[in-house]
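# Architecture at a glance
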Amino acid sequence: MKRTQILGVNIDCIRLGEAINILSRPRIKIFTPNPEILLESLNNRNYRDILNAGDLMLADGHGLLLLSSLLKLKSKLLRLIFLFPALILFLFTKRPYKTVIPEIIHGSDFMLVLISWAELTGKSVFFLGSYGDVAKNTAVYFKKIHPNLKLAGYSNSDPDDDAFAAVQHSGADILLAAYGAPKQEEFISKYFEQLPHLSVAMGVGGSFDFFSGHVKRAPALFHYLGLEWLWRLIIQPKKRGKRIFKALVVFPLKAIFFSK
């Protein structure tokens with residue numbers, strides 16, 4: 001399986017069908033690097049090492065598609081010069097940018113695929129993290145649309161020994177951890193080997209918010225154009241403003257100058 005690197009973090013150059021095939025491996029950790037995660041890893045060597053120990057690294061965000069193409073240029077000056085023209089073209093067509101990473105696979109989309117796969121293969125799923133009743137409501141939602149899904153349990157416990165004990169007691173085959181970066185990846189890294197019954201552990205960020213109905217997902221047009229960030233800014237300006245600035249401005253510049 002071919003991989004590339006952005007800011008020192010491995011990214012799988014993979015299509016959805018190939019990613020699904022990897023689910024049949026005995027035990028895998030799935031992480032979904034996006035601009036926010038990559039920026040966090042830049043100044044956190046331990047977190048970067050945790051990410052690079054992931055077995056399936058899904059490119060989650062159109063910014064990775066754009067930057068992976070620019071990084072083929074060895075000259076950092078040329079990367080900077082071509083950044084703005086590349087960005088303008090990117091708004092109209094993604095085809096020229098799929099030479100390194102062939103497909104963006106959003107974590108929330110792959111979570112849907114993973115749960116469908118779990119129902120098909122008889123795997124049980126544990127929903128962990130978020131806040132309030134979000135994990136519970138997410139579990140209820142998926143049990144409703146996948147009646148044959150084996151529900152191992154759910155918990156909004158903090159990422160500590162209590163959460164570990166809940167997952168351990170459940171005997172779950174698949175763990176979905178929704179603590180956000182870097183907590184979810186750190187939790188998975190710390191406890192994965194102590195949970196031998198797990199076949200898949202995946203960090204899913206804020207995906208529970210979508211499926212519990214707490215936050216509305218971007219319309220299809222925004223999704224197609226790679227403008228999910230704009231939709232999130234519209235509906236959550238205070239929460240998302242700073243994070244989106246980092247993703248749109250800080251991340252490209254850091255990636256240009258600090259990636260090999």
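Okay, so let's go over this structure.

Rules and cut-offs
- Residues numbered from 1 in each chain as written.
- Predicted model: local features only at pLDDT ≥ 70, side-chain atom pairs only at ≥ 80, totals over all residues.
- Heavy atoms only, no water.
- Helix = DSSP H or I, 4+ residues; strand = E, 2+ residues; numbered from the N terminus.
- Buried < 20%, exposed > 50% of the residue type's maximum accessible area, 1.4 Å probe, protein only.
- Pairing = 2+ DSSP bridges.
- Right-handed = clockwise from strand over helix to strand, strands pointing away.

Take unusual backbone geometry next. Across residues other than glycine, the phi torsion is negative in most instances, and most of the peptide bonds are trans. Along the chain, Ala181 connects to Pro182 via a cis peptide bond; the corresponding omega equals 0°. One non-glycine residue, Leu7, adopts positive backbone phi at about 55°. Among the structural elements, Leu7 can be located in the loop between β1 (3-6) and β2 (9-12). Residue Ser130 is not a glycine yet carries a positive backbone phi of 65°.

With that out of the way, let us pick up the pairing of strand β8 (residues 200-203). In summary, the side chains of a regular strand alternate between the two faces of the sheet. Burial along β8 is two-sided: Val200 and Met202 and Ala201 and Gly203, pointing in opposite directions, are all buried. In terms of strand pairing, strand β3 (residues 28-31) meets β8 through 3 bridges, oriented parallel. Residue pairing in the sheet places Lys29 in a bridge with Ala201 of β8. Here strand β7 (residues 174-178) runs beside β8; their pairing, made up of 4 bridges, is parallel. The residue bridging Leu175 from the neighbouring strand is Ala201, located in β8. Each parallel crossover has a hand, and the one from β7 via helix α9 (residues 183-191) to β8 is right-handed.

Turning our eyes to something else, we now look at helix α4 (residues 62-70). Judged by how many residues are buried, α4 sits mostly within the fold: 8 of 9 residues are covered. Three or more residues of α4 are buried, namely His62, Leu64, Leu65, Leu66, Leu67, Ser68, Ser69 and Leu70.

Another aspect to go through is the pairing of strand β6 (residues 150-155). Pairing analysis gives 5 bridges linking strand β5 (residues 124-129) to β6, with the strands arranged parallel. Each bridged residue has a counterpart across the sheet, and for Phe126 the counterpart in β6 is Gly153. Since β5 and β6 lie parallel, the crossover through helix α7 (residues 134-145) that links them has a hand, and here it is right-handed.

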